[in-house]
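So you can see what is in the structure, the chains are spelled out below.
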Amino acid sequence: MTDTPEAPAPAQPLFDRRMLEALVCPQSHATLRYDAEADELISDAAGLAFPIRNGIPVMLVDEARRLD
């Protein structure tokens, strides 16, 4: 009998997109959009990208990346 490793479970996004309904930009108070590729929440109004770490949005302006 051969020990075969189990296939890994399919990766699920850590960020729950339903959170977007409740979150707004802390600077402009505008709605946010989710950039899945960069795993960030984008505030077009403020020109900021807020990181998502371990599934938790970091909604601090000091931690946000400025958009060019």
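A brief look at the structure comes next. A quick note: this is a predicted structure, and the numbers were derived from the prediction, not measured.

1. Concerning the side chain of Glu 40
Then, in step 1: If you trace the backbone, Glu 40 turns up in strand β2 (residues 40-43).
Then, in step 2: We classify Glu 40 as buried; its relative accessible area is 9%.
Then, in step 3: Separated by 2.7 Å, the side chains of Glu 40 and Arg 65 make a polar contact.
Then, in step 4: Setting aside residues no more than four positions away along its own chain, Glu 40 makes contact with Arg 33, Tyr 34, Asp 35, Ala 49, Phe 50, Pro 51, Ile 52 and Arg 65.

2. Notes on the nonpolar core
Then, in step 1: Counting 10 residues, the largest nonpolar core is built from Phe 15, Cys 25, Leu 32, Tyr 34, Leu 41, Ala 46, Leu 48, Phe 50, Ile 52 and Ala 64.
Then, in step 2: Considering every element that reaches this core, the biggest residue donor is strand β3 (residues 48-53), with three residues.
Then, in step 3: Not counting residues up to four positions away in its chain, the partners in contact with Tyr 34 are Phe 15, Arg 17, Leu 20, Asp 39, Glu 40, Leu 41 and Ile 52.

3. Quick notes on the side chain of Ser 43
Then, in step 1: In this structure, Ser 43 sits in strand β2.
Then, in step 2: Residue classification places Ser 43 among the buried positions, given a relative accessible area of 0%.
Then, in step 3: Those residues within four positions of Ser 43 in sequence are excluded, and the remaining contacts are Cys 25, Ser 28, Leu 32, Leu 48, Phe 50 and Leu 67.

The rules behind each value
- Residues numbered from 1 in each chain as written.
- Predicted model: local features only at pLDDT ≥ 70, side-chain atom pairs only at ≥ 80, totals over all residues.
- Heavy atoms only, no water.
- Helix = DSSP H or I, 4+ residues; strand = E, 2+ residues; numbered from the N terminus.
- Buried < 20%, exposed > 50% of the residue type's maximum accessible area, 1.4 Å probe, protein only.
- Polar contact = N/O pair within 3.5 Å; in protein donor to acceptor, adjacent residues only side chain to side chain.
- Contact = heavy atoms within 4.5 Å.
- Core = buried A, V, L, I, M, F, W, Y, C linked by side-chain atoms within 4.5 Å.

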